[in-house]
Amino acid sequence: PEVSFQIKIAVNKNLCIQASKQKLILSPCDENNLLQSWFVDDTGRIHNYEKNHLCIKRKKTNALLTKCGTSTAFNLDYSLFFKKIFLMSNSSIVLGVNDSNATSGSKIKFVKRDTSDDLQSWDII
């Protein structure tokens, strides 16, 4: 795999996106936890480092970890300026937290972009 990184929610740098079965959740960051390590391939698919045949996919509002495919639901990009992870096919759809605040165990979802919503902002470390 390529160089790996963690995805930390901007409002709480101690919480990272972690694979949890087929779902994505926030969990306390641990740089040794490969379920929190990710890499991007040349088509924009974000792979889990531990389970590198699995990628983040949009299914309606759900952010899932499934076998990597070729549909546009897998093609994601990151805006360094806005700190958003968004669908290449529709940049108004971004990864966010489905709760009113970011806590350990919060589920990651695809939501409509709101530039003022800190629960949609991520740091790639």
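Notes on the structure follow. (Residues numbered from 1 in each chain as written. Predicted model: local features only at pLDDT ≥ 70, side-chain atom pairs only at ≥ 80, totals over all residues. Heavy atoms only, no water.)

**So, the overall build of the protein**
Which entries qualify depends on this criterion: To qualify as a helix, a DSSP run of H or I must reach at least 4 residues; to qualify as a strand, a run of E must reach at least 2; elements of each kind are numbered from the N terminus. This radius of gyration counts C-alpha atoms alone. The globule rule is 2.2 Å times how many residues there are, raised to the power 0.38. Note on classification: 1.4 Å probe, protein chains only; a residue is buried when its accessible area is under 20% of the maximum for its type, exposed when over 50%, partly exposed between these limits. Note on areas: these come from Shrake-Rupley sampling with a 1.4 Å probe, and a residue is covered only by the protein chains present in the view. Here Asp and Glu are counted as negative and Lys and Arg as positive; His is not counted, and neither are the chain ends. Each charge is placed at NZ for Lys, CZ for Arg, CG for Asp and CD for Glu.
Within the protein, the secondary structure is distributed over zero helices and 12 strands. When its helices and strands are written in sequence order, the protein yields β-β-β-β-β-β-β-β-β-β-β-β. For the protein, the C-alpha radius of gyration of 13 Å lies close to 14 Å, the compact-globule estimate for 125 residues. C-alpha extents for the protein along the principal axes are approximately 35 × 30 × 25 Å. Put simply, the protein has 125 residues, and 46% of those count as buried. Summed over its atoms, the accessible surface of the protein is roughly 6,700 Å², and 48% of this surface lies on carbon and sulfur atoms. Taken together, the 17 basic and 12 acidic charged side chains of the protein have centroids lying 10 Å from each other.

**Some remarks on the pairing of strand 8 (residues 76-79)**
Convention followed: Here, strands pair whenever DSSP counts at least two bridges between them.
Relative to strand 9 (residues 84-87), strand 8 runs antiparallel, the two being bridged by four bridges. Across the sheet, the residue bridging to Tyr 78 is Ile 85, located in strand 9. As consecutive antiparallel partners, strand 8 and strand 9 are separated by four residues, and within that stretch Lys 83 has a phi angle of approximately 60°, a positive value.

**Quick word on the state of the cysteines**
Defined as follows: Here, two cysteine sulfur atoms that lie within 2.5 Å of each other are counted as a disulfide.
Following the criterion strictly, the structure yields two disulfides and no others. Sulfur-sulfur distance for the disulfide between Cys 55 and Cys 68 comes to 1.9 Å. As the torsion about the S-S bond is roughly 85°, the Cys 55-Cys 68 disulfide counts as right-handed. Pair noted here: Cys 55 is in strand 6 (residues 54-59) and Cys 68 is in the loop between strand 7 (62-67) and strand 8, with a separation of 13 residues, a long-range link. For the pair shown, Cys 55 and Cys 68 are each scored as buried. Counting only the cysteines that take part in disulfides, in the order they occur along the protein, gives the pairing 1-2, 3-4.

**Regarding the environment of Leu 26**
Examined against the element boundaries, Leu 26 turns out to sit in strand 3 (residues 23-28). With relative accessibility at 0%, the residue Leu 26 sits in the buried group.

**Comments concerning unusual backbone geometry**
Backbone geometry places Lys 60, a non-glycine residue, at a positive phi of 60°. With respect to the element layout, Lys 60 can be found in the loop between strand 6 and strand 7. For Lys 83, which is not glycine, the phi torsion reads 60° and is therefore positive. Take Lys 83: it is sitting in the loop between strand 8 and strand 9. Here Lys 83 falls in the partly exposed class, since its relative accessible area comes to 31%.

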